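Chain residues, written in single-letter form:
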Amino acid sequence: MKERVINTNCFVEDAVIVISDAARRAISDKGIFRLSLCGGGTPKPVYAALARAVPALDWPRIQLTFGDERTVPPDHEQSNYRMVKESLLDHIEIPEGNVFRMKGELEPTEAAALYERELRQVASRFGEERYSHDLLLLGVGDDGHTASLFPGTEALEETKHDVVANRVPQLDTTRITFTYPLINAARHVCFMVNSASKLTLVNQVRSGRADYPAAKVHPTSGELTWLLGQ
Ligand code: 6PG
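This report concerns the structure included in the present document.

Conventions we followed
- Residues numbered from 1 in each chain as written.
- Predicted model: local features only at pLDDT ≥ 70, side-chain atom pairs only at ≥ 80, totals over all residues.
- Heavy atoms only, no water.
- Near = heavy atom within 4 Å.
- Polar contact = N/O pair within 3.5 Å; in protein donor to acceptor, adjacent residues only side chain to side chain.
- Areas by Shrake-Rupley, 256 points an atom, 1.4 Å probe, with all protein chains shown as cover.
- Nonpolar A, V, L, I, M, F, W, Y, C, P; charged D, E, K, R; others polar.
- Core = buried A, V, L, I, M, F, W, Y, C linked by side-chain atoms within 4.5 Å.
- Buried < 20%, exposed > 50% of the residue type's maximum accessible area, 1.4 Å probe, protein only.
- Helix = DSSP H or I, 4+ residues; strand = E, 2+ residues; numbered from the N terminus.
- Contact = heavy atoms within 4.5 Å.
- Pairing = 2+ DSSP bridges.
- Axes fitted to C-alpha atoms, helices over the stretch in contact; angles between N-to-C directions.

**Focus: the site of the ligand**
Step number 1: Around the ligand, the structure places 15 residues, and the nearest of them are Gly41, Thr42, Arg70, Ala147 and Lys198.
Step number 2: At a separation of 2.9 Å, an oxygen atom of the ligand approaches a polar side-chain atom of asparagine 80.
Step number 3: Within the side chain of histidine 145, an N or O atom sits 2.8 Å from an oxygen atom of the ligand.
Step number 4: When isolated, the ligand has an accessible area of 410 Å², and the protein chains bury 86% of it.
Step number 5: Within the shell around the ligand, the residues separate by chemical class into two nonpolar, nine polar and four charged.

Pasting the structure below:
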């Protein structure tokens, strides 16, 4: 696994460069760019800047997936899909079939199984065992969680499924989340952290601190980038 760290005072601009460069390479090589979006607050300005990028990204050749979702309807204020819709989807021309929404309004186990089936159907068209993202964006929480892989939760132990419903007692909720097998099948994972208060945490994750779920993200045959806002 090739790892690089980008320390930046231009976090949003550099995030757009990382994503746009990955898109150009993937579309040039394979005619398609498969990008996974993360939730939370950090990526929102990045998605808004992506929508305004010049030259525009080749959206008809881009597939968008979601690394996790809350178990709420798509118009709920906590919905990652709603955040992406408002910051990005409402401002670009992307075919509806290119956006793979996790259906947070469904029973969580059913929603996870449905999403996994959708991704595996596409993967089979590429001759892949599991969907292999060209770029998978992640954030890191203060407890070292990433996607909705929280400390002490069952999804951390999942080795077979790509997408699961994960009970998160510390939030008293259930989330739908990618698992390590799917995350580590990505060609390139980029953690986006734009908070100086998290830099110690990032160093602990990078040093492999076992109780931090983000520390187990190791793209099997891909790149890992840390984009760190100063
Ligand atoms: C979510 C995200 C979650 C997020 C981290 C960091 O659905 O909330 O998937 O893993 O990336 O909590 O969030 P911030 O970037 O807002 O700190």
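**Some remarks on the nonpolar core**
Step number 1: Phe33, Leu64, Leu88 and Leu137 are the most contacted members of the largest nonpolar core, which has 76 residues in total.
Step number 2: By residue number, the principal contributor to this core is helix H1 (residues 11–30), which donates 10 residues.
Step number 3: Apart from the residues lying within four places of it in its own chain, the contact partners of phenylalanine 33 are Ile19, Ala22, Ala23, Ala26, Ile27, Arg61, Ile62, Gln63, Asp134 and Leu135.

**Quick look at the sheet that holds strand S6 (residues 163–168)**
Step number 1: Taken in spatial order, the three strands make up an open sheet running S4-S7-S6, and their pairing is antiparallel. At either end of the open sheet lies a strand with only one pairing partner, and these are strand S4 (68–70) and S6. In this sheet, adjacent strand axes meet at a mean angle of 25° when their direction is disregarded.
Step number 2: On top of the sheet, helix H4 (residues 108–125) reaches S6 and strand S7 (173–178); it is set at about 150° to S6, its chief contact.

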